[in-house]
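Analysis of the macromolecular model
Chain by chain, the residues run as shown.
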Amino acid sequence: MADKNDKITLDVKAFAEAVLGGNPKKDEEEDKIYIKRQLTLYLEAVLLAQDFNNLEETRFDVAKTEERNRILNKIIERRY
């Protein structure tokens, strides 16, 4: 399990290629249909990985903000 301060990011290209690797051509599938299916999967995987990375960046920023606020609260409590 990753620490909440560790940012996790996906290599978008590697992720999309891994998704394609798990999608073999069906026995009776036409090449054109298979290629369209692969292209669709690739694009969806890229978008999904980008969305994940964007959410992770937001989560990381929120965690840093929360930590900063906790530290500021401790400083204020000791000062007053």
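Being a predicted model, the structure only gives us computed values, none of them experimental. (Residues numbered from 1 in each chain as written. Predicted model: local features only at pLDDT ≥ 70, side-chain atom pairs only at ≥ 80, totals over all residues. Heavy atoms only, no water.)

1. Observations concerning the pattern of salt bridges
Cut-off, in case you're wondering: Basic side-chain nitrogens of Lys or Arg form a salt bridge, by our definition, when they fall within 4 Å of a carboxyl oxygen of Asp or Glu. Only protein chains enter the accessibility calculation, which uses a 1.4 Å probe; a residue is then buried when its area is under 20% of its type maximum, exposed when over 50%, and partly exposed in between.
For the structure on display, the rule yields two salt bridges. Between glutamate 29 and arginine 37 there is a salt bridge; the shortest N-O distance is 2.7 Å. Given the relative accessible area of 13%, glutamate 29 is considered buried.

2. Regarding the side chain of asparagine 53
Condition: Strands here mean DSSP runs of E at least two residues long; helices mean DSSP runs of H or I at least four residues long; both are numbered from the N terminus. Note on definitions: a residue-residue contact is assigned when non-hydrogen atoms from the two residues lie within 4.5 Å.
Within the secondary structure, asparagine 53 sits in helix α2 (residues 31-79). Among all residues touching asparagine 53, those that are not within four sequence positions of it are Ile8, Thr9, Leu10 and Val12.

3. Some details on the side chain of glutamate 29
Topologically, glutamate 29 is positioned in the loop between α1 (12-21) and α2. Not counting residues within four places of it along the chain, the set of residues in contact with glutamate 29 comprises Tyr34 and Arg37.

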